[in-house]
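Secondary and tertiary structure notes
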Amino acid sequence: MAGTNEESASRTFRARQWRRAAILVTLPGLVLGTGSIAAAFGVGLFDHSDKPACTPERVPAPARSSFQLAVANAGETSGEATSVGRELTKRGFAVANVGNAPEGVYIKRAAMVYHGPEGLDQALLVASQIPGSRVYNDGRAGTSVEAVLGYGFKGLVKIPPAPPPLTSEITVNVYNTTWREGLASTSAEDLRARGFAIGTTGNDPVKAFLPNDIAVIRFGSEGLDAAKVLQGHVPGARMQQDDRTSKDVDLVLGNGYAALAPLSKVPVPPERPPLMPEMVARPCTDR
């Protein structure tokens, strides 16, 4: 009987050991399994709901010149706000002021574009010009927007070159340096007949002497494209850049000038693509 009791106790002890081992093996599995299931639900593996994905609302963008834009520099490149403001002005934005951001402002991304409740579409339009930027509602009044350039700024979005201006978009001042009286007036009328806008006419205010020139076309940094178009109507005219900031150009007639080139000899401007309405995508919100 003693042997039987000992064998029974031994079997009971081994059974308890197996149960403990089973618990030790099973519990971690249950914990890991529970964590895996929770993680799966967290990433949506078990989410079979038919909730549609939110689609940003696309709406017509406001006119670029319809709101005030400030550009501030919080990055490390000196003068960045000035150059960006100048380029955005060329792109049609109404840049009100440029400068440096207050000391201590740090922006890691390309830019932050700040707006108020009424200026979301305006901010989105500006942000579309700065890859990597983000819009933020700081509660300001009205539709004004401020773009603060950060350390991640790498430049504005690339755009195709602008087509050459039409003659109706070019203002020409016509000046005479010859002894032929009324030459500036008659030449201005010829240009007007071809669609050019005429500014000032008369004797050359610089009093240039051009005995060997057909003509000189004076222009500033913003008027090169207009000067090239005008040169197509006055072959042989010499180009001369000056320090003006306006887009108007001067046609200064020299002793070699006879008349405008025949229209059949004037380069035909490239066809302009149709203008598509500009759009912005408002951020997706839960409805």
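Above this text is the structure in question.
Because the structure is a prediction, the values reported are computed rather than measured.

1. Things to note about the overall build of the protein
Within the protein, the regular secondary structure consists of 5 helices and 12 strands. Per-residue burial over the protein gives 32% buried out of 287 residues. Put simply, 71% of the contacts in the protein that link residues at least 6 apart link residues at least 24 apart. Of the accessible surface of the protein, which amounts to about 18400 Å², a share of 57% is contributed by carbon and sulfur atoms.

2. Examining the sheet that holds strand E2 (residues 68-73)
Strand order in the open sheet formed by 5 strands is E3-E2-E6-E4-E5, and the pairing between neighbours is mixed. Only two strands of the sheet have a single partner each, and these edge strands are strand E3 (94-100) and strand E5 (133-137). Averaged over all pairs of adjacent strands, the angle between their axes in this sheet comes to 20 degrees, without regard to strand direction. Pairing geometry for E2 and strand E6 (residues 145-149), over 5 bridges, is parallel. Bridge pairing in E6 places Ala72 opposite Val148.

3. What to know about the packing of aromatic side chains
Each aromatic ring pair is characterised by the separation of its centres together with the angle its planes make. A complete count under the given rule lists 3 aromatic pairs for this structure. Measuring from ring centre to ring centre gives 6.3 Å for Phe67 and Phe93, while their planes differ by 75 degrees; the resulting arrangement is edge-to-face. Residue Phe67 is located in the loop between strand E1 (57-60) and E2, and its partner Phe93 is located in the loop between helix H2 (80-90) and E3; the two are separated by 26 residues in the primary sequence. By relative accessible area, Phe93 is classed as buried at 4%. The interplanar angle of 80 degrees and the centroid separation of 6.0 Å between the aromatic rings of Tyr114 and Tyr136 together place this pair among those described as edge-to-face.

4. A few points about the nonpolar core
Core analysis: the largest hydrophobic core is formed by 25 residues, its most contacted members being Leu69, Val113, Val126 and Ile130. Among the elements of the structure, E2, H2, strand E4 (111-115), helix H3 (120-127) and E6 are those that each provide at least two residues to this core. At 5 residues, the largest contribution of residues to this core is made by H3. Non-local contacts of Val113, meaning those with residues more than four positions away in its chain, are made with Ala123, Val126, Ala127, Ser133, Arg134, Val135, Tyr136, Val145, Glu146 and Ala147. Among the nonpolar cores identified, the runner-up in size contains 23 residues, and Leu183, Ala226, Leu230 and Val249 belong to it.

5. Overview of the state of the cysteines
The tally for this structure, following the rule as stated, stands at 1 disulfide. The disulfide that involves Cys54 links it to Cys284, with 1.5 Å between the sulfurs. One end of the pair, Cys54, is in the loop between helix H1 (2-43) and E1; the other, Cys284, is in the segment after strand E12 (279-282), with 230 residues separating them in the sequence. Judged by relative accessible area, Cys54 falls into the partly exposed class, the value being 36%. With relative accessibility at 34%, the residue Cys284 sits in the partly exposed group.

6. Topic: the pattern of salt bridges
Applying the stated criterion to the full structure yields 13 salt bridges. Across the pair Arg282 and Asp121 runs a salt bridge, and its minimum N-O distance is 2.8 Å. With Arg282 in strand E12 and Asp121 in helix H3, the pair connects residues that are 161 residues apart, well separated along the chain. For Arg282, a relative accessible area of 28% puts it in the partly exposed group.

7. Points about the environment of Pro235
With respect to the secondary-structure elements, Pro235 resides in the loop between helix H5 (224-233) and strand E10 (238-241). For Pro235, a relative accessible area of 46% translates into the label partly exposed. Sequence-distant contacts of Pro235, that is, excluding residues within four places in its chain, are made with Ile214 and Ala261.

8. So, the sheet that holds strand E9 (residues 215-219)
Taken in spatial order, the 5 strands make up an open sheet running E8-E7-E11-E9-E10, and their pairing is mixed. Both outer strands of the open sheet, strand E8 (197-203) and E10, are each paired with one neighbouring strand and no more. Neighbour-to-neighbour, the strand axes of the sheet open up by a mean angle of 20 degrees, direction not taken into account. Pairing of E9 with E10 involves 4 bridges; the strand directions are parallel. Pairing of Val216 across the sheet is with Arg238, part of E10. Most of the contacts of helix H4 (residues 183-193) go to strand E7 (residues 171-176), to which it runs at about 155 degrees, and overall it touches E7, E8 and strand E11 (249-253). Lying over the sheet, H5 contacts E7, E9, E10 and E11, oriented at roughly 160 degrees with respect to E9.

Reading guide: rules and limits
Residues numbered from 1 in each chain as written. Predicted model: local features only at pLDDT ≥ 70, side-chain atom pairs only at ≥ 80, totals over all residues. Heavy atoms only, no water. Helix = DSSP H or I, 4+ residues; strand = E, 2+ residues; numbered from the N terminus. Buried < 20%, exposed > 50% of the residue type's maximum accessible area, 1.4 Å probe, protein only. Contact = heavy atoms within 4.5 Å. Areas by Shrake-Rupley, 256 points an atom, 1.4 Å probe, with all protein chains shown as cover. Pairing = 2+ DSSP bridges. Axes fitted to C-alpha atoms, helices over the stretch in contact; angles between N-to-C directions. Phe/Tyr/Trp six-rings, centres within 6.5 Å; stacked < 30°, edge-to-face > 60°. Core = buried A, V, L, I, M, F, W, Y, C linked by side-chain atoms within 4.5 Å. Disulfide = S-S within 2.5 Å. Salt bridge = Lys/Arg side-chain N within 4 Å of Asp/Glu carboxyl O.

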